[in-house]
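The residues making up each chain are set out below.
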Amino acid sequence: MNISDNLKHVQSQIVTACANANRNPSEVILVAVSKGHPIEHIIEAYSVGQRQFGENRVEEMRQKYPQISYTDISWHMIGHIQSRKARDIPAYFDTVHSVDSLHLAQKLADATEKSGKSRLDVLLQINVSGEASKSGFFAVNWMNSPDVRADLWNNIRQICVLPNICVVGLMTMAFIADDPEETRPIFSGLRQLRDALVDDLHISLPHLSMGMTDDFMVAIEEGATMVRVGRAIFGER
Ligand SMILES: *Cc1c(COP(=O)(O)O)cnc(C)c1O
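The present account deals with the structure reproduced in this document. Quick caveat: nothing in here was measured; it's all calculated off a predicted structure.

1. A look at unusual backbone geometry
Link 1 in the chain: Not every positive phi belongs to a glycine, and Asn164 is a case in point at roughly 75 degrees.
Link 2 in the chain: Examined against the element boundaries, Asn164 turns out to sit in the loop between helix H6 (146-160) and strand S7 (165-171).
Link 3 in the chain: Exposure remark for Asn164: the relative accessible area of 22% places this residue in the partly exposed category.
Link 4 in the chain: If you check the backbone angles, His202 has positive phi at about 55 degrees while not being a glycine.
Link 5 in the chain: The exposure class of His202 is exposed, given its relative accessible area of 70%.

2. Here's the deal with the site of the ligand
Link 1 in the chain: Close to the ligand lie Val33, Lys35, Ile78, Met173, Met212, Thr213, Arg228, Val229, Gly230, Arg231 and Arg237, which account for all nearby residues.
Link 2 in the chain: Here Arg228 contributes a side-chain N or O atom positioned 2.9 Å from a nitrogen atom of the ligand.
Link 3 in the chain: One of the side-chain N or O atoms of Arg237 is found 2.9 Å from an oxygen atom in the ligand.
Link 4 in the chain: Surface burial for the ligand is 93%, taken as the share of its 390 Å² of free accessible area covered by protein chains.
Link 5 in the chain: Under a 2 Å grid-point criterion requiring more than half of the atoms, the pocket assigned to the ligand is the largest pocket.
Link 6 in the chain: Classifying every residue of the shell around the ligand gives five nonpolar, two polar and four charged.

So, how was this worked out
Within each chain, residue numbers correspond to sequence positions counted from 1 in written order. Owing to the predicted nature of the model, reporting of local features is limited to residues with pLDDT of at least 70; listing and counting of side-chain atom pairs is limited to 80 or more, with chain, interface and lining totals taken over all residues. Side-chain figures throughout are based on the complete set of non-hydrogen atoms in the structure, without hydrogens or water. Counting from the N terminus, the helices are the DSSP runs of H or I reaching at least four residues and the strands are the DSSP runs of E reaching at least two. Residue burial is assigned from relative accessible area. The probe radius is 1.4 Å, only protein chains are included, and a residue is buried under 20% of its type maximum, exposed over 50%, and partly exposed in between. Consider each residue's heavy atoms; a residue with any of them within 4 Å of a molecule or strand counts as near. As used in this structure description, the phrase polar contact means that two N or O atoms lie within 3.5 Å; if the pair is within protein, one of them must be able to donate a hydrogen and the other to accept it, and residues adjacent in sequence are counted only when both atoms belong to side chains. With residues, only the protein chains shown are counted as cover, and all accessible areas are computed by Shrake-Rupley using a 1.4 Å probe. Here a cavity means grid points, on a 1 Å grid over the protein atoms only, where a 1.4 Å probe fits yet cannot get out; a pocket means an open set of points with protein on both sides within 12 Å along at least five of seven lines; lining residues are those with an atom within 4 Å of a point. More than half of a molecule's atoms within 2 Å of the grid points is what it takes for that molecule to sit in a cavity or pocket. Each residue is assigned to one class: nonpolar for Ala, Val, Leu, Ile, Met, Phe, Trp, Tyr, Cys and Pro, charged for Asp, Glu, Lys and Arg, and polar for all the others, Gly among them.

Set out below in structure tokens:
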């Protein structure tokens, strides 16, 4: 396993997926998901130019963060955050992909203010697939259900006016599929939801965080601007 070769391969797959969709590869941010991997692997990826890294646990980040002296890494929190741990987030992370409740958003806004950081970028995690195991704002059938839509719109409207946090987009996780094509409707659905929110609420949501090792090419074809890739870069955890 060679992290540098793996990164090159993933980058070339990103270029291919962008070509398939007539997109510019510079629109896609590769977040290297280093959860479960030691510092040495992060350093190896950094040494070949990788600057965006994703972690999913506050405790793990607390251990790793002091051991890394590079100041030009952008850290992404991609895992579920218990609200009592929100206060630690701004010290470690630049972007949070996993905001899944109004309550958590409020906690993060407070924590950012207390941290002295000027702002925290956040994405709202959306459950478009309806699997019970997927956290996120419930958006199953939002197009046809006025109740789902009202609830979701109402939450997002309130989050967007919170101080200190800046809502930059939406995030979703697809189900595990044998064929990544099966996940395409999840990704196109998130894009449609984003477009509807932008139209209705007059907000800007430039980012769609979607796609992991098994499905990032399909996600890019459907408009992903951030892909969260772990195993294809660092190997199995
Ligand atoms: C672990 C994880 C990833 C990366 O998954 P891989 O299959 O290793 O690419 C992406 N997003 C989230 C939310 C994760 O927890």
